[in-house]
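Structure at a glance
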Amino acid sequence: MRRTLPLFSGLLVSGLLVSALAGQKKSIEIYRHVPKEFKIAKWGPKSIPSPKYVFKAAKVIIGNSDPINAGVVITQNSKILWVGKEADAKIPGDAEVFDLGDAWIVPGLVDLHCHIMGTTSRDFNDTVHPTNAELRTLDMVTTHHASARKALAGGVTTVLFIPGSGSNMGGFGTLTKTHGTAEEALLRFPGSLKIAQAGNPERRSGDLGYSRMGMNEGLRRTLRAGHTYYQAWEDYDADKGPKPEVRADLEYLRGLFRHEYPVTVHTQIYQVVLETLRELRVEFGLWTVIDHGTFDAYRLSGESQRVGVPVCNGPRQYHFDRDQSKFIGLAAAWYAGGQHGWREKVKGVGRDGIAVNTDSPVVPEEQLTLQCAMAVRLGLPWDIGIRAITINPATFIGASHRVGSIESGKDADLGIWSGDPLDPSNHVKMMIVNGHIAYKRDPKRPRF
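So, a few notes on the structure that sits alongside this text. On a predicted model such as this, the values are computed, not experimentally measured, just so you know. (Residues numbered from 1 in each chain as written. Predicted model: local features only at pLDDT ≥ 70, side-chain atom pairs only at ≥ 80, totals over all residues. Heavy atoms only, no water.)

**Quick look at the overall build of the protein**
On a plain count of helices and strands, the protein comes out with 10 helices and 21 strands. Going through the 448 residues of the protein one by one, you find that 58% of them count as buried. Within the protein, contacts between residues separated by at least 24 positions form 67% of all contacts whose residues are at least 6 apart in sequence. (Helix = DSSP H or I, 4+ residues; strand = E, 2+ residues; numbered from the N terminus. Buried < 20%, exposed > 50% of the residue type's maximum accessible area, 1.4 Å probe, protein only. Contact = heavy atoms within 4.5 Å.)

**Focus on the nonpolar core**
Among the nonpolar cores identified, the biggest contains 50 residues, and Trp-334 and Ile-354 are the most heavily contacted of them. For this core, the element with the most residues is helix H7 (residues 330-336), which contributes five residues. Leu-193, Ile-195, Leu-223 and Trp-233 belong to the second-largest nonpolar core, a separate cluster that totals 25 residues. (Core = buried A, V, L, I, M, F, W, Y, C linked by side-chain atoms within 4.5 Å.)

**Let's talk about helix H8 (residues 368-377)**
Every buried residue of H8 is accounted for by Leu-368, Thr-369, Gln-371, Cys-372, Ala-373 and Ala-375. Contacts from the buried residues of H8 go to strand S9 (109-114), strand S10 (156-161), H7, strand S18 (354-356), helix H9 (382-388) and strand S19 (414-417). Phi for Gly-379, located one or two positions after H8, is positive at around 120 degrees.

**Side note on the packing of aromatic side chains**
Enumeration over the complete set of coordinates arrives at 14 aromatic pairs. Measuring from centroid to centroid gives 5.2 Å for Phe-55 and Phe-98, while their planes differ by 15 degrees, and the two rings are stacked. On the criterion of sequence distance, the pair formed by Phe-55 in strand S4 (residues 53-60) and Phe-98 in strand S7 (residues 96-99) is long-range, its members being 43 residues apart. What makes Phe-55 buried here is its relative accessible area of 0%. Each ring, one from Tyr-229 and one from Trp-233, has its centre 6.4 Å from the other, and the planes form 75 degrees; the classification is edge-to-face. Remark: Trp-233 and Tyr-229 occur in helix H3 (residues 212-237); sequence separation between them is four residues, near one turn of the helix. Comparing Tyr-229 with Trp-233, the two get one shared label, buried. Clustering of aromatic rings is evident, with ring pairs tying together Phe-172, Phe-189, Tyr-252 and Tyr-261. Over the aromatic face of Trp-104 sits the side chain of Lys-59, whose NZ or CZ is 5.4 Å from the ring centroid. Lying over the aromatic face of Tyr-318, Arg-316 brings its terminal NZ or CZ to 6.0 Å of the ring centre. (Phe/Tyr/Trp six-rings, centres within 6.5 Å; stacked < 30°, edge-to-face > 60°. Lys NZ or Arg CZ within 6 Å of the ring centre and 35° of its normal.)

**Considerations on the environment of Trp-334**
Mapped onto the elements, Trp-334 comes out in helix H7. Trp-334 sits in the buried class, given a relative accessible area of 0%. Within the structure, Trp-334 has its side chain in polar contact with the backbone oxygen of Gly-293 (distance 2.9 Å). (Polar contact = N/O pair within 3.5 Å; in protein donor to acceptor, adjacent residues only side chain to side chain.)

**Quick notes on the pairing of strand S16 (residues 318-321)**
Only one face of S16 is buried: it carries His-319 and Asp-321, and the other face, with Tyr-318 and Phe-320, is open. Pairing of S16 with strand S17 (residues 326-329) involves four bridges; the strand directions are antiparallel. Looking at the pairing, Tyr-318 lines up with Gly-329 of S17. Between the antiparallel neighbours S16 and S17 lie four residues, among them Ser-325 with a positive phi of about 55 degrees. (Pairing = 2+ DSSP bridges.)

**Observations regarding the pattern of salt bridges**
Using the criterion set out here, one finds 22 salt bridges in the structure. Linking Arg-220 and Glu-283 is a salt bridge whose minimum nitrogen-to-oxygen distance equals 3.0 Å. Here the residue Arg-220 occupies a position in helix H3, and Glu-283 occupies one in helix H5 (residues 270-283), the gap between them amounting to 63 residues. With respect to burial, Arg-220 and Glu-283 carry one shared label: buried. Put simply, Asp-411 and Arg-402 hold a salt bridge, and the shortest N to O gap is 2.9 Å. On the accessibility criterion, Arg-402 (8% relative accessible area) is buried. (Salt bridge = Lys/Arg side-chain N within 4 Å of Asp/Glu carboxyl O.)

All quantities given are derived from atomic positions and should not be read as evidence of function.
In structure tokens, the structure reads:
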């Protein structure tokens, strides 16, 4: 009989201590994972030398709290030193001051579904076999190409650079900035394990993995092997067993079972998202993020909320519901819940459980704000829309202590906008990444 792993095994959860086990019906909140220590994941530099800057603007969008009118942000050495009202600011005499007038300062945007950071590759897969736990994107990362510059010009400073969906388990992605050298840009590797369920991985090869049953069994085989390998190393570290032989094909799965990073799942339509929740979250107890959740998958908002799985919706932002003969705003439906065609109303994933992605280049990376504007137009509240491209995805991926909001001590990733970023008539005027001015718009000839 297969052993069901407990949810949150060995996991310290910030703000909410969860003791729920798989199969319990108690409702829980979306949460942030904070492991006690990192054995597998590697974080990028904590600080990079950068000038001391002072930015004054009509409005500062914090990301996880109320905006500040007539605000000031002070940065140095890749960090935010201070943020607050201009009336309370103590301007350093040795700083370069930017008076931005009626501009808005917005946190650098975060996108958890990106395929464009590997120079001209734009998307890449290895479909030799269905589960590729040994593959990684880390060696592909570069920011010195047009797609990365366009992302920056669209306000995006952090992306999860993942393999495509040609195989059921594509490999491990990289959480990276969109500016700087590969070493400077690194936020964390692995960023996540990329899994794709149904649809794209169905390559009609006739091999195991052709059907959903086959893909699920292939995932189980690989994850069981990974868990056995993980447990052997945990026993060795605790002086309870011999030192295991290093296996490159399973090494990164150790960190997955240690909850050092999540599995982000390209999953959509009701049945397949249900498979994701049941297999990856409940059965294996993995830190899981739904990364698509389109078509009619929103009907599982209550179940996603119950097991604590957040949703990064996109690139599709609407679904035509034939039962009701109307268009459904997907992000809004996930967020608020509702009847969803059921007899009883179900919960939504709430303020902290929804984000928006592009799946770039399916939708260009620089159109992340346009995707979010569509979500807001279709019912998502504006303030939730801001969270959906800043602090929420940063929290889902376990990096909210570094990015996603404008707070003292966090990375100095700022977007200077001509106004509301969710109004498509506005644009980026300047971008700051790790405290450096990474992009300036030429008003006479806008270009990347």
